Amino acid sequence: MKVKVVNKGHQPLPQYATPQSAGMDLRANLDEPVTLQPLERRLIPTGLYIALPEGYEAQVRPRSGLALKKGITVLNAPGTIDADYRGEVGVLLVNLSAEPFVVNDGERIAQMVIARHEQAEFETVEALDETERGAGGYGHTGVK
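### Here we look at the sheet that holds strand β7 (residues 79–81)
Then, number 1: The sheet built from four strands is open, its strands ordered β2-β10-β5-β7 with antiparallel pairing. The sheet is open, and its two edges are formed by β2 (24–27) and β7, each paired on a single side. Strand after strand, the sheet turns through a mean of 35 degrees between neighbouring axes, direction not considered.
Then, number 2: Pairing geometry for β2 and strand β10 (residues 108–116), over four bridges, is antiparallel. Within the sheet, the bridge partner assigned to Arg-27 lies in β10 and is Arg-108.

Here is the structure:
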């Protein structure tokens, strides 16, 4: 699939790390480092503008290494970029650690997954069909 991209930043385009990777790394595009204090959140620019084909979205997800080692994650994970959005791709990072974290220019801060999606059309009915699970939720499965 081809995705049109405008790179107004100074970082390379996102790329897959391995032939079977689902996500591409997104890099911070900064004029100077940004320090995230504990529990602080910031929208970090990437310099990228994309045009996805209709029926697709881009999901912005945390990088597991940053989450595990530094407590840095994407606040609205996964963040959705709709096919009709033409603004800059930003990454809403949050520092969940007890230590300040410095985001440097060019740092890999998130991953982006391109995914197909459907749009639903709701149909109002009087009742839903019965299932074994029924209305059980929020930890219900697997509990005897």
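So, next bit.
### Section: the layout of surface pockets
Then, number 1: There is about 250 Å³ of room inside the largest pocket.
Then, number 2: Met-1, Val-3, Val-5, Leu-13, Pro-14, Gln-15, Tyr-16, Met-24, Leu-48, Ile-50, Met-112 and Ile-114 are the residues that line the largest pocket.
Then, number 3: Considered class by class, the residues forming the lining of the largest pocket number 11 nonpolar, one polar and no charged.

### Section: unusual backbone geometry
Then, number 1: Each neighbour pair has its own omega, and for Ala-77 with Pro-78 the value is -10 degrees, a cis peptide bond.
Then, number 2: Relative to the helices and strands, Pro-78 is located in the loop between β6 (72–74) and β7.
Then, number 3: The phi angle at Leu-39 is positive, at roughly 70 degrees, despite the residue not being glycine.
Then, number 4: Inspection of the secondary structure puts Leu-39 in the loop between β3 (34–36) and β4 (41–51).

So, how was this worked out
Along each chain, residues carry numbers from 1 onward, in the same order as the chain's sequence is written. Since the coordinates come from a predicted model, pLDDT governs what is reported: local features require at least 70, and pairs of side-chain atoms require 80 or more to be given and counted, while whole-chain, interface and lining totals use all residues. Only heavy atoms go into the side-chain values, all of them from the structure, while hydrogens and water stay out. Pairing between strands is defined by DSSP: at least two bridges between them are needed. Working definition: helices are DSSP H or I runs of at least four residues, strands are E runs of at least two. Numbering for both runs from the N terminus. Here, axes are lines fitted to C-alpha atoms. For helices the fit covers the stretch in contact, and angles between N-to-C directions go from 0 to 180 degrees. Site definitions follow a grid-based scheme: protein atoms alone, a 1 Å grid, a 1.4 Å probe that fits but cannot get out for cavities, and for pockets an open set with protein on both sides within 12 Å along at least five of seven lines, plus lining residues having an atom within 4 Å of a point. Grid points are joined across faces, edges and corners, and a volume is the space filled by probe spheres set on the points. Note on residue classes: Ala, Val, Leu, Ile, Met, Phe, Trp, Tyr, Cys and Pro are nonpolar, Asp, Glu, Lys and Arg are charged, and everything else, Gly too, is polar.

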